[in-house]
Amino acid sequence: MTSRSSPLSRFTPQLGVLLAVLAVLILAPLFSTTFFVSFVLTQTLWLGIAAASLIFLAAYGGMISLAQTLMYGFAGFAIGNAVTQGGSKGLNLGLNPWVGVAIGIVFTTVLAFILGLVASRSTGLYYLMITLTFGVIGFYFFGQVTTFSGFGGINQIVAPDFIGEPGEHPVSLYYAALGVSVFSFLLLRYVTRTPFGLALQGIRDDPVRMSALGYNLVMHRALAFVLGGFVASLAGVLNVWWNRQIDPASIGIGEILALLIIAVIGGMNRLEGAWLGAFIYVVVNNYVRSVPLVDKIGITEDRFNTLVGVIFLVIVLASPNGLMGLGGSVGRLLKRIFRPASGRADSEDRIGEPQQPTNTG
């Protein structure tokens, strides 16, 4: 006779932390300033979505893609060309903002499929360099083809009515970003548990064996890249709603490296690390410049990227798996400290630890 597990038995400390963080984010506008909600939390959410697409490909597919900035930038340019109504560069089609969103997501997903088929024929360093090349090509394409943008970019991008006027950054945009973040996280977590996601992890670990079993390695990697492009396009929608403009500089090499830094700071093996890394990056970007007397130690506006690099280096040296890895190490240390003296550990305490063989002889 089998017994069904209760919902409480499925509750884990990690799930409790995620629910607590979500509750804080839902209530954040009630006790935070408008600046913090708009320029820290909202920006953190859409950057986290873009970084999550990168972490998904790296952690579950073994593919470090530097084209994710191009993906969210391409969605933004598509929306800008579709919804602007004159007075700006681009096609100025004047379409409904929601039609523009659909165009941006669909076009980006199609582009991701095409680029994924090309990049997925390589692995490792070659894959990284090919996707970096995609990003650089996108930067120069939108910079030089004035029909779609030019280096001046597209301004006066129209957003749906609930977003409000440019510069307002109302709470509705924050909640939209929060909802899309939750959707993106759940989608990626769900996919990793499907047969497709398990096969993708098998290809990551042993591609030769998976190929011998009949799996199409190129198509699996390409479809994973499509999913990553789709998630990144959602970040692109929020980006243009937040900025109301987009230009090639927003998808340049600096932004490509910034997204990679965000992913590494948070942790390249955990999806949650995308938003944690984005939060650290945005906080440093917004507040460290204004710390009193910081200019006395040589940290000026021109050298601010050096400070970001130092913070990045310290985090990587302290924990190669990022802040999420550091948190996991602290959690395991606390478990060892508070483990019952009887030596009989709970089954949850042994999750992820190597099992010792039993000597039956």
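In case you missed it, the structure is sitting above this.
Residues numbered from 1 in each chain as written. Predicted model: local features only at pLDDT ≥ 70, side-chain atom pairs only at ≥ 80, totals over all residues. Heavy atoms only, no water.

A. Expanded view of the overall build of the protein. Each helix and strand counted, the protein has 13 helices and zero strands in total. The order of helices and strands in the protein, counted from the N terminus, is α-α-α-α-α-α-α-α-α-α-α-α-α. Expressed as a percentage of the 361 residues in the protein, the buried residues total 44%. Considering only contacts in the protein between residues 6 or more positions apart, those separated by 24 or more positions represent 76%. Here the protein displays about 18900 Å² of accessible surface, and carbon together with sulfur accounts for 66% of that area. (Helix = DSSP H or I, 4+ residues; strand = E, 2+ residues; numbered from the N terminus. Buried < 20%, exposed > 50% of the residue type's maximum accessible area, 1.4 Å probe, protein only. Contact = heavy atoms within 4.5 Å. Areas by Shrake-Rupley, 256 points an atom, 1.4 Å probe, with all protein chains shown as cover.)

B. Quick peek at the environment of Ile 130. Tracing the backbone shows Ile 130 in helix H5 (residues 124-144). According to the relative accessible area criterion, Ile 130 is partly exposed, its value standing at 25%. Between the alpha carbons of Ile 130 and Leu 66 there is a distance of 8.5 Å; along the sequence they are 64 residues apart. When sequence neighbours within four positions are dropped, the list of residues in contact with Ile 130 reads Ala 119 and Ser 122.

C. Region of interest: the environment of Leu 117. Positionally, Leu 117 belongs in helix H4 (residues 97-119). Looking at Leu 117, the relative accessible area reads 26%, which means it is partly exposed. Residues Leu 117 and Leu 223, spaced 106 residues apart in sequence, show a C-alpha to C-alpha distance of 8.5 Å.

D. The packing of helix H7 (residues 195-205) against helix H9 (residues 217-243), seen in detail. The N-to-C vectors of H7 and H9 enclose an angle of 115°; their axes lie 10 Å apart at closest approach. The two elements H7 and H9 meet at a crossing, and its hand is left-handed. On the side of H7, the interface is formed by Phe 196, Ala 199, Leu 200 and Ile 203, while H9 contributes Leu 217, His 220, Arg 221, Leu 223 and Ala 224. Tallied by class, residues from the contact of H7 with H9 come to seven nonpolar, one polar and one charged. (Axes fitted to C-alpha atoms, helices over the stretch in contact; angles between N-to-C directions. Left-handed = near helix turned anticlockwise from the far one by under 90°. Nonpolar A, V, L, I, M, F, W, Y, C, P; charged D, E, K, R; others polar.)

E. The arrangement of the packing of aromatic side chains in detail. Under the counting rule described, the total for this entry stands at 17 aromatic pairs. Both rings, one in Phe 35 and one in Tyr 287, keep their centres 6.3 Å apart while their planes meet at 80°; by these two values the pair is edge-to-face. Highlighted residues: Phe 35 in helix H2 (residues 34-61) and Tyr 287 in helix H11 (residues 272-287), separated in sequence by 252 residues. On the basis of relative accessible area, Phe 35 is assigned to the partly exposed category, the value being 39%. An aromatic cluster is built from Phe 35, Phe 39, Trp 46, Tyr 72, Trp 242 and Tyr 287, whose rings are joined through pairwise contacts. (Phe/Tyr/Trp six-rings, centres within 6.5 Å; stacked < 30°, edge-to-face > 60°.)

F. Structural context of unusual backbone geometry. One non-glycine residue, Gln 156, adopts positive backbone phi at about 60°. The residue Gln 156 is located in the loop between H5 and helix H6 (171-193) in this model. Residue Arg 244 is not a glycine yet carries a positive backbone phi of 60°. With respect to the helices, strands and loops of the structure, Arg 244 is situated in the loop between H9 and helix H10 (253-266). Judged by relative accessible area, which is 10%, Arg 244 ranks as buried.

G. Main features of the side chain of Ser 149. Mapped onto the elements, Ser 149 comes out in the loop between H5 and H6. For Ser 149, a relative accessible area of 0% puts it in the buried group.

H. Structural detail: the environment of Met 129. Note on placement: Met 129 falls in helix H5. Judged by its relative accessible area of 41%, Met 129 is partly exposed.

I. Fine view of the pattern of salt bridges. Inspection of every chain in the model, using the stated rule, returns three salt bridges. For Arg 270, the salt bridge is made with Glu 272, and the minimal N-O distance between the two is 3.3 Å. The exposure class assigned to Arg 270 is partly exposed, which follows from its relative accessible area of 31%. Take Glu 272: its relative accessible area is 13%, and that puts it in the buried class. One connected set of salt bridges, linked through shared partners, spans Arg 189, Arg 270 and Glu 272. (Salt bridge = Lys/Arg side-chain N within 4 Å of Asp/Glu carboxyl O.)

J. Up close: the side chain of Gln 201. With respect to the helices and strands, Gln 201 occurs in helix H7. Judged by its relative accessible area of 17%, Gln 201 is buried. Once residues within four sequence positions are removed from consideration, Gln 201 is found in contact with Tyr 60 and Thr 192.

K. Representation of the nonpolar core in the model. Phe 56, Met 71, Phe 225 and Trp 241 are the most contacted members of the largest nonpolar core, which totals 69 residues. Looking at this core, the elements with two or more residues in it are H2, helix H3 (68-83), H4, H5, H6, H9, H10 and H11. The element contributing the most residues to this core is H2, with 16 residues. Setting aside anything within four residues of it in sequence, one finds Phe 225 in contact with Leu 57, Ser 65, Ala 67, Gln 68, Met 71, Ala 112, Leu 115, Gly 116, Tyr 127 and Thr 131. (Core = buried A, V, L, I, M, F, W, Y, C linked by side-chain atoms within 4.5 Å.)

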